[in-house]
Amino acid sequence: MGAVNVANKDINVSLAEKKPRVVFVLGGPGSGKGTQCANIVEHFHYTHLSAGDLLRAEIKSGSENGTMIQNMIKEGKIVPSEVTIKLLEKAMLESGNDKFLIDGFPRNEENRAAFEAVTKIEPEFVLFFNCPEEEMEKRLLSRNQGREDDNIETIRKRFKVFLDSSLPVIEYYKAKGKVREIEAAKPIGEVFEAVKVVFTPKAEKVVA
Ligand SMILES: Nc1ncnc2c1ncn2[C@@H]1O[C@H](COP(=O)(O)OP(=O)(O)O)[C@@H](O)[C@H]1O
Ligand SMILES: Nc1ccn([C@@H]2O[C@H](COP(=O)(O)OP(=O)(O)O)[C@@H](O)[C@H]2O)c(=O)n1
Ligand SMILES: [Mg+2]
């Protein structure tokens, strides 16, 4: 235990020193977070860290937390932030980059407060993909990535968790003027046009 704590403290200290730039990418399940993050990486050279992908990799790695994470994902529940934040911190340090898209995190108040307390990082802004449930449901049911949570029963639970726990986090950042909202129920290219505007520096926008 002692060694683990020392290692975590070191990670927190070196992340705080690096002061990475962070954009949180939020939106309901199937709103297009992962798809748009891939486009943003290509054009704006951020490193994409999906909390869900990191948790799924942790299950595959055979970690001692694997079974707990797998059960929570199957139920659409949010994994304790201690687990998710450790994975995010490790990935940030290993990447060597200094700007990150953190996709699917923070998903509840506990995620948000713990990340802030542990890393001392405030997001530059929050990119919020707003999409009607009906459209998200259609997309998830045809995603075809073999995910154990893309079935109608789990999807309904994830929608409820989004409304009850994740929307309040978006409201929290709205009150701070940090939310950049995108209408996500359009074709992928059109959504990305709106995303580009958010990421393009203001001076360049005037010239263009
Ligand atoms: N604008 C869009 N229009 C139609 N389908 C989309 C759009 N954006 C993403 N998709 C598809 O919807 C599914 C969910 O997208 P994904 O990016 O994985 O969303 P999220 O990460 O928010 O759950 C994927 O199969 C993806 O190809
Ligand atoms: N911050 C997070 C992100 C995801 N997760 C879990 O991982 C699942 C899938 O997350 P995801 O971001 O890959 O899902 P999508 O919104 O991309 O469809 C969630 O339903 C949660 O069970 C979590 O517990 N905590
Ligand atoms: Mg995703």
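Thresholds, definitions, all that
Residues numbered from 1 in each chain as written. Chains lettered and ligands numbered in written order. Predicted model: local features only at pLDDT ≥ 70, side-chain atom pairs only at ≥ 80, totals over all residues. Heavy atoms only, no water. Pairing = 2+ DSSP bridges. Helix = DSSP H or I, 4+ residues; strand = E, 2+ residues; numbered from the N terminus. Axes fitted to C-alpha atoms, helices over the stretch in contact; angles between N-to-C directions. Contact = heavy atoms within 4.5 Å. UniProt positions renumbered as here; feature names shortened; annotations may be inferred. 1 Å grid on protein atoms, 1.4 Å probe; cavity = no way out; pocket = protein on both sides within 12 Å on 5 of 7 lines; lining within 4 Å. Disulfide = S-S within 2.5 Å. Buried < 20%, exposed > 50% of the residue type's maximum accessible area, 1.4 Å probe, protein only. Near = heavy atom within 4 Å. Polar contact = N/O pair within 3.5 Å; in protein donor to acceptor, adjacent residues only side chain to side chain. Areas by Shrake-Rupley, 256 points an atom, 1.4 Å probe, with all protein chains shown as cover. Sits in = over half its atoms within 2 Å of the grid points. Points joined across faces, edges and corners; volume = space filled by probe spheres on them. Phe/Tyr/Trp six-rings, centres within 6.5 Å; stacked < 30°, edge-to-face > 60°. Lys NZ or Arg CZ within 6 Å of the ring centre and 35° of its normal.

## Describing the sheet that holds strand β2 (residues 47–50)
One open sheet holds the five strands; their spatial order is β2-β3-β1-β4-β5, and the pairing between them is parallel. The sheet is open, and its two edges are formed by β2 and β5 (179–183), each paired on a single side. Strand-to-strand twist of the sheet, defined as the mean angle between neighbouring strand axes without regard to direction, takes the value 20°. The strands touched by helix α3 (residues 51–60) within the sheet are β2 and β3 (99–103), with β2 carrying the most contacts at an inclination of about 65°. Where helix α9 (residues 188–199) meets the sheet, its contacts fall on β1 (21–27), β3, β4 (125–130) and β5, and the angle it forms with β4 comes to roughly 165°.

## So, the UniProt feature "binding site: ATP" (unreviewed entry) in the protein chain
Per the UniProt annotation, the sites labelled "binding site: ATP" (unreviewed entry) are Gly30, Ser31, Gly32, Lys33, Gly34, Thr35, Arg143 and Lys186. From the set just named, the residues that line the largest pocket comprise Gly30, Ser31, Gly32, Lys33, Gly34, Thr35, Arg143 and Lys186. Relative to the elements of secondary structure, glycine 30 occurs in the loop between β1 and α2 (33–44). In contact with glycine 30, not counting residues within four places along its chain, are Met136, Arg139 and Leu140. Among the structural elements, lysine 33 can be located in helix α2.

## Some remarks on the state of the cysteines
This model, assessed by the stated rule, comprises zero disulfides. Left without a disulfide partner, cysteine 37 is nearest to the cysteine sulfur of cysteine 131, which lies 15 Å away. Using a relative accessible area of 9% as the deciding quantity, one classes cysteine 131 as buried.

## As for the site of ligand 1
In the neighbourhood of ligand 1, 13 residues make up the surrounding shell, with Gly30, Lys33, Thr35, Arg143 and Lys186 lying closest. Within the backbone of serine 31, an N or O atom sits 3.3 Å from an oxygen atom of ligand 1. In isolation ligand 1 has 560 Å² of accessible area, and contact with the protein removes 77% of it. Taking a 2 Å distance to the grid points as the criterion, the majority of the atoms of ligand 1 fall inside the largest pocket. Looking at which element gives the most residues to the shell around ligand 1, the answer is α2, with three residues.

## Looking at the environment of tyrosine 46
Note on placement: tyrosine 46 falls in the loop between α2 and β2. The exposure class assigned to tyrosine 46 is buried, which follows from its relative accessible area of 6%. Between the C-alpha atom of tyrosine 46 and that of valine 191, which follows or precedes it by 145 residues, the distance is 18 Å. Beyond its immediate stretch of four places on either side in the chain, tyrosine 46 contacts Arg21, Val23, Ile40, Val41, Asn97, Lys99, Phe100, Leu101, Glu124 and Phe199.

## Side note on the layout of surface pockets
For the largest pocket, the calculated volume is near 940 Å³. If you go around the largest pocket, you meet 46 residues; those closest to its centre are Lys33, Arg107, Arg143, Arg147 and Arg158.

## Remarks on the UniProt feature "binding site: CMP" (unreviewed entry) in the protein chain
Here, UniProt's "binding site: CMP" (unreviewed entry) annotation points to Asn111. In this fold, asparagine 111 is placed in helix α6 (residues 109–119). Relative accessible area serves as the criterion here: at 2%, asparagine 111 is assigned to the buried category.

## A closer look at the packing of aromatic side chains
Under the defined criterion, the tally for this structure stands at eight aromatic pairs. Their ring planes at 85° and their centres at 5.4 Å tell us that tyrosine 46 and phenylalanine 199 sit as a pair that is edge-to-face. In this pair, tyrosine 46 sits in the loop between α2 and β2 while phenylalanine 199 sits in helix α9, placing the two residues 153 residues apart along the sequence. Side by side, tyrosine 46 and phenylalanine 199 carry an identical accessibility label, which is buried. Seen from their ring centres, tyrosine 172 and tyrosine 173 are 5.0 Å apart, and the 85° between their planes marks the pair as edge-to-face. Taking relative accessible area as the criterion, tyrosine 172 reaches 26% and is therefore assigned partly exposed. Residue class for tyrosine 173 comes out buried when judged on its relative accessible area of 1%. Aromatic rings pair up to connect Phe24, Phe105, Phe115, Tyr172 and Tyr173 into one cluster. Positioned above the aromatic ring of tyrosine 46, the side-chain terminus of lysine 99 is 4.7 Å from the ring centre.

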